[in-house]
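# Residue-level structural notes
As a plain string of letters, each chain reads:
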Amino acid sequence: LHTTSRWGAVNRLGTTLASQVCVMSASSRDEMPGLGRGPVDVAAPPVADALRALPAAVPGDRRVVATIARPHPEKGLDVLVEALDLLPPDVTLRIVGTDPGSGFDGHDRVELVGWCDDPAAAVAAAWAYAQPSRSESYGLALAEARALGLPVVVTDVPGLGEQVVPDVDGLVVPSEDPVALAAALTRVLDDRDLAARLGAAARTAARSGPTEAAHA
């Protein structure tokens, strides 16, 4: 059940009389009281078994910040591009899931990969992964980046915040704050020991969740 503002009213209508409701995060449950006629279950989507089997990500030669997102305002890509302008000129932003012509292709340090069959491969060599969302029910792309062992910087919105323990397995910044986002990314880009520690902890946490078989 997806519960962001775009679909909230539809979900309320469709689940008022349901005998059982399952949502992806505790924040989704809490933002929509009165769902169904019984207890509301929380079950985060599992990280795919094929992704669990991949080796840990290894940063490439170039300083790349990656994200996986469609070009929707709730994903906060505009804030991430603003943060990019505050980073050194050798840092590139790679956006997977957003095609050219979406409004983000006029920046000479933005790479638009578009939708691809293997997004993990498109982000695996990044030095950092950013999820600057304004709203998320859960954030599966974040969970997958964490499973790869990428050091992550996320906004403090419900859904994302449930996955990350600040300064333990990721960095958390306020939503809508490109200055804070740039500062956190700078920490990860400049301190490779910190990046390695955050990435390893994120990979362990993400891979400790339920498997596809257990989730079925």
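Report follows, based on the coordinates. (Residues numbered from 1 in each chain as written. Predicted model: local features only at pLDDT ≥ 70, side-chain atom pairs only at ≥ 80, totals over all residues. Heavy atoms only, no water.)

## A short note on helix α6 (residues 140-147)
- Within α6, six of the eight residues are buried, leaving the element largely enclosed by the surrounding structure.
- Among all positions in α6, only A141, L142, A143, A145, R146 and A147 are buried.
- In this fold, the buried residues of α6 make contact with α3 (49-52), β3 (63-68), β6 (128-131), β7 (152-155) and α8 (192-207).
- Where α6 ends, the next residue or the one after it, G149, has phi of about 90°, a positive value. (Buried < 20%, exposed > 50% of the residue type's maximum accessible area, 1.4 Å probe, protein only. Helix = DSSP H or I, 4+ residues; strand = E, 2+ residues; numbered from the N terminus. Contact = heavy atoms within 4.5 Å.)

## Quick notes on the sheet that holds strand β4 (residues 91-96)
- Spatially, the six strands line up as an open sheet ordered β5-β4-β3-β6-β7-β8, and their pairing is parallel. Two strands close off the open sheet at either side, each with one partner strand: β5 (110-114) and β8 (171-173). Averaged over all neighbouring strand pairs, the angle between strand axes comes to 25°, with direction disregarded.
- Here β7 runs beside β8; their pairing, made up of three bridges, is parallel. (Pairing = 2+ DSSP bridges. Axes fitted to C-alpha atoms, helices over the stretch in contact; angles between N-to-C directions.)

## Brief notes about the environment of L198
- For L198, the location among the structural elements is in helix α8.
- With relative accessibility at 0%, the residue L198 sits in the buried group.
- Sequence-wise, L198 and D169 are 29 residues apart; in three dimensions their C-alpha atoms are separated by 4.4 Å.
- Apart from the residues within four sequence positions on either side, L198 is in contact with P151, D167, V168, D169, G170, L171 and V188.

## Notes on empty space enclosed by the protein
- Across all of its chains, the model carries one cavity of 30 Å³ or more by this definition.
- Estimates place the volume of the largest cavity at around 30 Å³.
- Lining of the largest cavity is provided by V65, L80, A83, L84, L87, L93 and L185.
- Here the lining of the largest cavity takes three residues from helix α4 (residues 77-84), the largest share from any one element. (1 Å grid on protein atoms, 1.4 Å probe; cavity = no way out; pocket = protein on both sides within 12 Å on 5 of 7 lines; lining within 4 Å. Points joined across faces, edges and corners; volume = space filled by probe spheres on them.)

## Structural notes on the side chain of R146
- Topologically, R146 is positioned in helix α6.
- Using a relative accessible area of 3% as the deciding quantity, one classes R146 as buried.
- Once residues lying within four places of it in the same chain are set aside, the contact partners of R146 are V152, Q163, V164, D169, A202, R203, A205 and A206.

## Re the nonpolar core
- If you look at the biggest cluster of nonpolar residues, it comprises 30 residues, and the most contacted ones within it are V65, L93, V110, V153, L181, L185 and V188.
- Mapped by element, the contributors of at least two residues to this core are α4, β4, β5, β6, β8, α7 (178-190) and α8.
- L93 has contacts with V65, L80, V81, L84, R109, V110 and E111, leaving out every residue within four places of it along the chain.
- Ranked by size, the runner-up nonpolar core spans 26 residues in total, among them I68, A143, L150 and V157. (Core = buried A, V, L, I, M, F, W, Y, C linked by side-chain atoms within 4.5 Å.)

## So, the pattern of salt bridges
- For the coordinates displayed, the defined rule picks out 10 salt bridges.
- Across the salt bridge formed by R134 and E176, the nearest N and O atoms sit 2.5 Å from each other. Residue R134 is found in the loop between β6 and α6, and its partner E176 is found in the loop between β8 and α7; the two are separated by 42 residues along the sequence.
- Classification of E176 by relative accessible area gives partly exposed; the value is 47%.
- Among the charged side chains, a salt-bridge network with shared partners connects R62, R94 and E111. (Salt bridge = Lys/Arg side-chain N within 4 Å of Asp/Glu carboxyl O.)

## A short note on the layout of surface pockets
- In this structure, the largest pocket occupies an estimated 360 Å³ of space.
- In terms of residue count, α6 provides more of the lining of the largest pocket than any other element does, four residues in total.

## So, the packing of α6 against α8
- One can describe the packing of α6 onto α8 by two numbers: an axis separation of 7 Å at closest approach and a directional angle of 115°. Helix-helix and strand crossings are classified by hand; for α6 and α8 the assignment is left-handed. Contacts between α6 and α8 pair A143, R146 and A147 from the former with A202, R203, A205, A206 and R207 from the latter.
- Looking at the contact of α6 with α8, its residues break down into five nonpolar, no polar and three charged. (Left-handed = near helix turned anticlockwise from the far one by under 90°. Nonpolar A, V, L, I, M, F, W, Y, C, P; charged D, E, K, R; others polar.)

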